[in-house]
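Listed below are the residues making up each chain.
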Number of protein chains: 2
Amino acid sequence: MRKLNMDELERLSPEAFRDKEKVPVILILDDIRSALNVGSAFRTADAFALEKIYLCGITATPPHREILKTALGSTETVAWEYAENAAEIADKLRNDGYQVWAVEQVENSQQLQDFDASMSPKIAVVFGNEVNGVNDSTLAECNGCLEIPQFGTKHSLNVAVCIGIVAWELVRKINFE
Amino acid sequence: MRKLNMDELERLSPEAFRDKEKVPVILILDDIRSALNVGSAFRTADAFALEKIYLCGITATPPHREILKTALGSTETVAWEYAENAAEIADKLRNDGYQVWAVEQVENSQQLQDFDASMSPKIAVVFGNEVNGVNDSTLAECNGCLEIPQFGTKHSLNVAVCIGIVAWELVRKINFE
């Protein structure tokens, strides 16, 4: 099994990436504490060609030493914007025709694998603080909550891992189903 | 949308976790450089109740300050073992009836979403070094390679994110399809 070389990977240039049609998924990061997790979100958004990232509240913004450490250059390719208030962004995106879903363990949350991504051509997903989760004021502006089923002692995944899983599941549903 | 409290999350005690039937998936970490990524693998394996983790080559083992930082206690619940040589573990597991797949970008790799998890009741997945990927000697002992489709400028996901995505996809196929 021969590993692919750089040419064979067909990595896009930053210019080609900017012009490329994106997967219509926006990430909203609501009070993420760790800048390393923010950088990882950028790297994931580049890998899956997601539309945009909103960095809200206390979430760090580029340029930032720890973001750059895990983003590996993807802050130059992925579209992003800072907004003080994630609830306002959720409200604005819903007015713009997005379905906005928070990733959170709540009453009557929708299991990730059962989420119907075809219900809307445009989806935004909100990820909250590593300790407190998505803010209640933001939850109030969402269409609903998605939950990654978990069976262990912690019921807690690292938020960067969580972003990767949800992004993959949406890409999978949108591009491959 | 009311967040679930600790009781409602139905988190298992470490004892209950140990006795619980696991998802028949083993992670093999082959020369992982960052102990933070190892800790994250433990946390993911706890969340999805995976069977075991093999830590191979230069991969750090618990107890280790940086593993503990990201594992958040899951090194106490997830079964693990150190082995010098990942290729030998892959060979041993195949002899024990496991399908062993490396996560790597190679010629003719299988796209993750198309992987048929029902072909074998027991699956092991190998994740390689952050820079060099899975060792060629290990690849030679695998049934094949899985690839996460990527569309961006880097064609590279953080290995902890990659472990999360592959673990989720296998859990999804085994438990929910």
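Let me begin by describing the structure that accompanies this report.

Rules used in this analysis
Residues numbered from 1 in each chain as written. Chains lettered and ligands numbered in written order. Predicted model: local features only at pLDDT ≥ 70, side-chain atom pairs only at ≥ 80, totals over all residues. Helix = DSSP H or I, 4+ residues; strand = E, 2+ residues; numbered from the N terminus. Rg over C-alpha atoms; globule rule 2.2 N^0.38 Å. Contact = placed C-beta atoms within 7 Å. Buried ≥ 20, exposed ≤ 12 C-beta atoms within 10 Å, placed from the backbone. Right-handed = clockwise from strand over helix to strand, strands pointing away. Pairing = 2+ DSSP bridges. Expected span 1.5 Å × (residues − 1). Least-squares fit on C-alpha atoms with pLDDT ≥ 70 in both. Axes fitted to C-alpha atoms, helices over the stretch in contact; angles between N-to-C directions. Core = buried A, V, L, I, M, F, W, Y, C linked by C-beta atoms within 7 Å.

Describing the overall build of chain A
In terms of helices and strands, chain A carries 6 helices and 7 strands. Listing every helix and strand of chain A by position from the N terminus yields α-β-α-β-α-β-α-β-β-β-α-β-α. Here the C-alpha radius of gyration of chain A, 16 Å, is about what a compact globule of 177 residues would show, namely 16 Å. Based on the C-alpha atoms only, the size of chain A along its principal axes is roughly 50 × 40 × 35 Å. Taking as baseline every contact in chain A between residues at least 6 positions apart, the subset at least 24 positions apart corresponds to 84%.

Topic: the interface of chain A and chain B
A common way to report how large an interface is uses the accessible area buried once the components associate. In this complex, chain A contributes 45 residues to the contact, which on the side of chain B involves 45 residues. The greatest single-element share of the side of chain A that touches chain B, amounting to 7 residues, is contributed by helix H6 (residues 159-176) of chain A.

Looking at the pairing of strand E2 (residues 50-56) of chain B
Residue and element names in this part refer to chain B. Most of E2 sits inside the fold, with 5 of its 7 residues counted as buried. Crossover handedness for the path strand E1 (residues 23-30) to helix H2 (residues 35-47) to E2: right-handed. Relative to strand E3 (residues 80-83), E2 is paired through 4 bridges, and the arrangement is parallel. Following the sheet pairing, Ile-53 is matched in E3 by Trp-80. Between the parallel pair E2 and E3, the chain is carried across by helix H3 (residues 65-71), and the sense of this crossover is right-handed.

Let's talk about H6(A)
End to end, H6(A) covers 25 Å across 18 residues, agreeing with the expected 26 Å (1.5 Å per residue, within 8%). Among the 18 residues in H6(A), 14 count as buried, and that is most of the element.

What about the relation of the copies chain A and chain B?
Each copy of the sequence occupies a distinct position, and chain A is placed on chain B by a rotation of 180° and an axial shift of 0.0 Å, giving an RMSD of 0.0 Å. Such a combination of rotation and displacement between the chain copies is what one expects of a two-fold axis. A shared interface surface links the copies, since 100% of the contact residues of chain A are contact residues in chain B too.

Structural notes on the sheet that holds strand E6 (residues 123-127) of chain A
Residues and elements named next belong to chain A. Taken in spatial order, the 7 strands make up an open sheet running E3-E2-E1-E6-E4-E7-E5, and their pairing is parallel. A single partner strand is all that each edge strand has here, and the edge strands are strand E3 (80-83) and strand E5 (110-111). Two strands pair when backbone bridges link them, and strand E1 (residues 23-30) and strand E2 (residues 50-56) are joined in this way by 6 bridges, in the parallel orientation. Paired with Ile-28 across the two strands is Tyr-54, which belongs to E2. The strands touched by helix H2 (residues 35-47) within the sheet are E1 and E2, with E2 carrying the most contacts at an inclination of about 165°. Across the sheet, H6 touches E1, E2, strand E4 (99-103), E6 and strand E7 (144-147), and the angle it forms with E1 is around 160°.

A few points about the nonpolar core
By size, the foremost hydrophobic cluster in this structure holds 122 residues, and its most contacted members are A:Ile28 and B:Ile28. Look past the residues within four positions of B:Ile28 in its chain and what remains in contact with it is B:Tyr54, B:Cys56, B:Ala86, B:Ile89, B:Ala90, B:Ala124, B:Val125 and B:Val126.

Observations concerning the pairing of E6(A)
Every other side chain in a regular strand lies on the same face of the sheet, so the side chains alternate between the two faces. All names here are of chain A. In terms of burial, E6 is a largely internal element, 5 of the 5 residues being buried. Across the two faces of E6 the burial is the same, with Ile-123, Val-125 and Phe-127 and Ala-124 and Val-126 all buried. Bridge count for E1 against E6 is 5 bridges, and the pairing is parallel. Counterpart to Ile-26 in the pairing with E6 is Ala-124. Alignment of E4 against E6, held across 4 bridges, turns out to be parallel. Residue Gln-99 lies in a different strand from E6, and its bridge partner there is Ile-123.

Notes on the sheet that holds strand E7 (residues 144-147) of chain B
Through backbone hydrogen bonds, the strands of a sheet pair up, either in parallel or in antiparallel fashion. Residue and element names in this part refer to chain B. Read from one edge to the other, the open sheet built from 7 strands follows the order E3-E2-E1-E6-E4-E7-E5, with strand pairing classed as parallel. With one partner strand each, in any of the chains shown, E3 and strand E5 (110-111) form the two edges of the open sheet. Of the strands in this sheet, E1, E2, E3, strand E4 (99-103) and strand E6 (123-127) are in contact with helix H4 (residues 86-95), which crosses E1 at around 160°. With respect to the sheet, helix H6 (residues 159-176) is in contact with E1, E2, E4, E6 and E7, its orientation differing from that of E1 by roughly 160°.

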